[in-house]
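Next come the chains, spelled out residue by residue.
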Amino acid sequence: MGNSIEVLKTTDLESGHMKAVMIKEQDILIANVGNVYYTVSNICPHRAGKLSDGKLDGTIVECPVHGSRFNIANGKVIRRLNGGFAGKLLGLFKVISNINTYKTEVEGDSIKVEL
Ligand code: FES
């Protein structure tokens, strides 16, 4: 990996959990899903909710503020807001964008991320 940085040890993050980490002034979220590690932006593109304070279900993270959901495997938004009328309207105009993903790999017991 090019400019990868160790962000956590594998022992710091159990499967099914996620953690926020500040690296190079970027707020990122690292998740362990069945011992596969994913790294995405920790900031919801709607109103800057902290995704790490939300819920993780497989590779789907739900924003704790208004309930938008993102797939952390590819960064795609899969539900805008809580799915109600406002969510459908925003979905129509694509107001809520996908989230950034970052290359993540494990070397020994280090989780490394390319930023
Ligand atoms: S801040 Fe995340 S859905 Fe509104």
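Because the structure is predicted, anything quoted here is derived from the model rather than measured.

On to the overall build of the protein, then. A tally of helices and strands in the protein yields one helix and 11 strands. Each helix and strand of the protein, ordered N terminal to C terminal, gives the series β-β-β-β-β-β-β-β-α-β-β-β. Looking at the protein as a whole, 29% of its 115 residues qualify as buried.

Pairing within the open sheet is antiparallel, and its four strands lie in the order S5-S6-S7-S8. Bordering the open sheet on either side are strand S5 (55-57) and strand S8 (77-79), each of which pairs with just one other strand. Averaged over neighbouring strand pairs, the angle between their axes works out to 30° when direction is ignored. The pairing of strand S6 (residues 60-62) with strand S7 (residues 69-71) spans three bridges and is antiparallel. Bridged to Glu62 within S7 is Arg69.

Relative to the elements of secondary structure, Ile30 occurs in strand S3 (residues 26-33). Given 25 C-beta atoms within a 10 Å radius, Ile30 is considered buried. Residues Ile30 and Ile111 lie 81 residues apart in sequence; the distance between their C-alpha atoms is 9.2 Å. Every residue in contact with Ile30, bar those within four places of it in the chain, is listed here: Val7, Leu8, Leu13, Met18, Lys19, Val21, Tyr37, Thr39 and Ile111.

Turning next to the nonpolar core. If you look at the biggest cluster of nonpolar residues, it comprises 22 residues, and the most contacted ones within it are Ile28, Leu29, Ile30, Ala31, Val40 and Ile72. Listed by contribution, the elements that provide at least two residues to this core are S3, strand S4 (36-41) and strand S11 (110-114). No other element matches the four residues that S3 contributes to this core. With sequence-adjacent residues up to four places away left out, Ile72 is seen in contact with Ala31, Tyr38, Val40, Thr59 and Val61.

Definitions and cut-offs
- Residues numbered from 1 in each chain as written.
- Predicted model: local features only at pLDDT ≥ 70, side-chain atom pairs only at ≥ 80, totals over all residues.
- Helix = DSSP H or I, 4+ residues; strand = E, 2+ residues; numbered from the N terminus.
- Buried ≥ 20, exposed ≤ 12 C-beta atoms within 10 Å, placed from the backbone.
- Pairing = 2+ DSSP bridges.
- Axes fitted to C-alpha atoms, helices over the stretch in contact; angles between N-to-C directions.
- Contact = placed C-beta atoms within 7 Å.
- Core = buried A, V, L, I, M, F, W, Y, C linked by C-beta atoms within 7 Å.

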